[in-house]
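The chain contents come next:
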Amino acid sequence: MKLNKLIILSTLSFVFQISYAQNWTQFRGSNLDGKALEAIAPTHWSPDSNIVWKTAIEGKGWSSPVVYDDQIWLTSEQNDGQELYANCISKKDGSSLFNLLVFEPANVLGKHAVNTYATPTPCIEEGRVYVNFGSYGTACIETDSGKTIWSRTDLICDHVQGPGSSPILYKNKLILHFEGIDSLFIVALDKKTGETIWKTNRPKELYERLEPIGRKAYITPIVINVNGKELLISNGSAVCMAYDVETGVEIWRVLQGEDSTISMPIYENGTVYFYTSFVTPAEGDKYCELLAVDPNGVGNLTELNVKWRLTSPILQLLTPIIHDGIIYTIDTKSNLMIVDALNGEILDQRRVKGKYNASPVMANGLIYFPSSTGQTLIIHEGRTINILAENKLQGQIWATPAIVGHQLLIRSSDFLYLIGE
């Protein structure tokens, strides 16, 4: 009897893992960490080889694809942001299932030249997908019918350079960041109804000293468990803060910076890591830092809980991969680095060609770095740089790839590709 129960449990666990591997439900994956360790993703491709299908997405957008079962969702914009769409593609053959006009903003503000009005990545679960266009609107869509279940257009800030923060799902909540030059807040919505559960403003006193252009931020948060308590880790331009994810109440803060943050926090083995916004020294060039922070504590942890600091160039866009105590990153001066997460020591580094603004993903011991020139650099995990392949696609890549099963989804400026060997 015990043996039969063990076999059943093992079978159910295996089925769950297989099902889970087919889905990629948020920015940087279902766990917000960029990893699909159980997958064996493809390693070699070109515009003419190992492409299962490719499909053109009408309009522009840097949102990353999310996947649930056969459906792939992403967003796009047309007519200079005056038309905002949710796009659903069949994973089976790349055909269009839905092309939904979700919002038509009456007033579209400017954006940065490299940004789009459809940069935030959706998140998805069974039966529902949640799309966000920053101040231009947030909506919940029924995935079977394409019907809008609820929408909000009253959550507003002046992004200045266009929206960039992606929403995340946590239990019954959809959590959104609105950090502009005029207002800065985080809000948790009831994912079923769209109603506000809590809303928390960034501390006014920390931002008054900054120039208005420096107050903006474009990060996506993570949720970690610290001694049985779930904390939302959110890195703004002046401060990284931890909030009680159930209430929005501040737990701790680490201060540093005077301008935009983009890269997400990451977490492993009881330590939070994040790129700060930049600092202007009395002499020398501006810089930011990669910080390692002990998340245990309450209040201002800046002096006591920072374990190490690694000086980096400013305006870090991509979010690193951390795995088994090693951090893999490429900075804004195109330095590929392998960093010991224990002490911040650079174990190996190499200058690479091109700009790497989309975040890397990891599968089966390999890390995939897509570049804005359409090249994807693949390296082996480890303490030294070991390049496996460099694969080129048509167009620019600013969207983070998705790993589903043993295939790779890459959105370029020209096509959405499903890649498999």
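A quick note: this is a predicted structure, and the numbers were derived from the prediction, not measured. (Residues numbered from 1 in each chain as written. Predicted model: local features only at pLDDT ≥ 70, side-chain atom pairs only at ≥ 80, totals over all residues. Heavy atoms only, no water.)

*Asks:* I would appreciate a short explanation of the nonpolar core in the present structure.
*Replies:* If you look at the biggest cluster of nonpolar residues, it comprises 35 residues, and the most contacted ones within it are Ile-175, Leu-231, Leu-232, Ile-233, Trp-252 and Val-254. Ranked by the residues each element gives to this core, the list is headed by strand S16 (residues 239-244), at 5 residues. The residues contacting Ile-233, other than those within four sequence positions of it, are Pro-221, Ile-222, Ile-224, Cys-240, Met-241, Ala-242, Trp-252, Pro-265 and Val-272. The next biggest cluster of nonpolar side chains, apart from the first, holds 30 residues, and it includes Val-67, Val-361, Ile-378 and Leu-393. (Core = buried A, V, L, I, M, F, W, Y, C linked by side-chain atoms within 4.5 Å. Buried < 20%, exposed > 50% of the residue type's maximum accessible area, 1.4 Å probe, protein only. Helix = DSSP H or I, 4+ residues; strand = E, 2+ residues; numbered from the N terminus. Contact = heavy atoms within 4.5 Å.)

*Asks:* Where do I start with the sheet that holds strand S23 (residues 321-323) in this structure?
*Replies:* Hydrogen bonding along the main chain pairs the strands of a sheet, whether they run parallel or antiparallel. The strand order across the open sheet formed by 4 strands is S23-S24-S25-S26, and the pairing between neighbours is antiparallel. Whereas interior strands pair on both sides, the edge strands pair on one side only; in this sheet they are S23 and strand S26 (346-351). Strand-to-strand twist of the sheet, defined as the mean angle between neighbouring strand axes without regard to direction, takes the value 10 degrees. In the sheet, S23 pairs with strand S24 (residues 326-330) via 3 bridges, with the strands oriented antiparallel. What sits directly across from His-323, in S24, is Ile-326. (Pairing = 2+ DSSP bridges. Axes fitted to C-alpha atoms, helices over the stretch in contact; angles between N-to-C directions.)

*Asks:* Please explain the sheet that holds strand S13 (residues 196-201) as it appears in this structure.
*Replies:* The strand order across the open sheet formed by 4 strands is S10-S11-S12-S13, and the pairing between neighbours is antiparallel. Each end of this open sheet is capped by a strand with a single partner; those strands are strand S10 (168-170) and S13. Ignoring which end each strand starts from, the neighbouring axes of this sheet average 25 degrees apart. Of the pairings in the sheet, the one linking strand S12 (residues 184-190) to S13 comprises 5 bridges and is antiparallel in character. Note on S13: the bridge partner recorded for Val-187 is Lys-199.

*Asks:* Help me understand unusual backbone geometry in this model?
*Replies:* Peptide bonds are trans in most cases, and residues, glycine excluded, mostly fall at negative phi. The residue Arg-28 is not glycine, and still its phi comes out positive at about 65 degrees. Tracing the backbone through its elements, the reader meets Arg-28 in the loop between helix H1 (2-21) and strand S1 (51-55). Non-glycine residue Asp-69 carries a positive phi angle of around 55 degrees. By the secondary structure assignment, Asp-69 is in the loop between strand S2 (66-68) and strand S3 (71-78). In this structure Asp-69 comes out as partly exposed when scored by relative accessible area, which is 47%.

*Asks:* I would appreciate a short explanation of a negative patch on the surface in the present structure.
*Replies:* A contiguous patch of negative charge on the surface is contributed by Asp-69, Asp-70, Asp-93, Glu-126, Glu-142 and Asp-144. Examined against the element boundaries, Asp-144 turns out to sit in the loop between strand S8 (138-142) and strand S9 (148-152). Assessed through its relative accessible area of 68%, Asp-144 is described here as exposed. (Patch = residues over 30% accessible without salt bridge, like charges linked within 9 Å, V, L, I, M, F, W, Y side chains within 5 Å. Areas by Shrake-Rupley, 256 points an atom, 1.4 Å probe, with all protein chains shown as cover. Salt bridge = Lys/Arg side-chain N within 4 Å of Asp/Glu carboxyl O. Lys, Arg positive; Asp, Glu negative; His and termini not counted. Charge placed at Lys NZ, Arg CZ, Asp CG, Glu CD.)

*Asks:* Honestly, the side chain of His-159 in this entry has me stumped. Any pointers?
*Replies:* When you line up the elements, His-159 lands in the loop between S9 and S10. Since its relative accessible area comes to 7%, His-159 is described here as buried. Non-local contacts of His-159, meaning those with residues more than four positions away in its chain, are made with Gly-134, Ser-135, Phe-178, Gly-180, Lys-216 and Tyr-218.

*Asks:* Got a minute to help me understand the packing of aromatic side chains in this structure?
*Replies:* When we look at a pair of aromatic rings, we describe it by the centre distance and by the angle of the planes. Summed over all chains, the structure comprises 9 aromatic pairs. Measuring from ring centre to ring centre gives 6.4 Å for Tyr-130 and Trp-150, while their planes differ by 45 degrees; the resulting arrangement is tilted. Taken together, the residues span a long stretch of sequence, with Tyr-130 in strand S7 (residues 128-132) and Trp-150 in strand S9 at a distance of 20 residues. For Trp-150, a relative accessible area of 7% translates into the label buried. Residue placement shows Lys-54 over the ring face of Phe-415; its charged tip is 4.4 Å from the ring centre. Positioned over the ring face of Phe-185 is Lys-199, at 4.2 Å from the centre of the ring. (Phe/Tyr/Trp six-rings, centres within 6.5 Å; stacked < 30°, edge-to-face > 60°. Lys NZ or Arg CZ within 6 Å of the ring centre and 35° of its normal.)

*Asks:* Explain the pairing of strand S14 (residues 222-226) to me, please; I cannot follow it from the model alone.
*Replies:* On any regular strand, side chains alternate: one points to one face of the sheet, the next to the other face. Residues of S14 alternate between two faces, with Ile-222, Ile-224 and Val-226 buried on one and Val-223 and Asn-225 left unburied on the opposite face. For S14 and strand S15 (residues 229-235), the ladder comprises 5 bridges, and the chain directions are antiparallel. The residue of S15 that forms the bridge with Ile-222 is Ile-233. Linking S14 to S15, which pair antiparallel, is a turn of 2 residues; within it Asn-227 sits at a positive phi near 50 degrees.

*Asks:* Mind showing me how you'd approach the confidence of the model for the protein here?
*Replies:* Keep in mind that low pLDDT regions are not for reading the predicted coordinates in detail. This prediction gives the protein a mean pLDDT of 93; 95% of its residues lie at or above 70. Across residues 1-20, where pLDDT falls below 50, the model places 2 contacts with residues more than four positions away in sequence or in other chains. (pLDDT = per-residue confidence, 0-100.)

*Asks:* How should the pattern of salt bridges be read in this particular structure?
*Replies:* Oppositely charged side chains are able to pair whenever their charged atoms sit close together. Tallying each qualifying case throughout the model produces 11 salt bridges. Here Arg-152 ties to Asp-154 by a salt bridge, and the two come within 2.7 Å at their closest N and O atoms. Overall, the relative accessible area of 15% leaves Arg-152 in the buried class. Between Lys-216 and Asp-259 there is a salt bridge, and its shortest N-O distance comes to 2.9 Å. Of this pair, Lys-216 sits in the loop between helix H2 (204-207) and S14 while Asp-259 sits in the loop between strand S17 (250-255) and strand S18 (266-268); the two residues are 43 residues apart in sequence, bridging distant segments of the chain. By relative accessible area, which is 11% here, Asp-259 ends up buried. Taken together, the shared-partner salt bridges in this structure form one network comprising Lys-171, Lys-173 and Glu-246.

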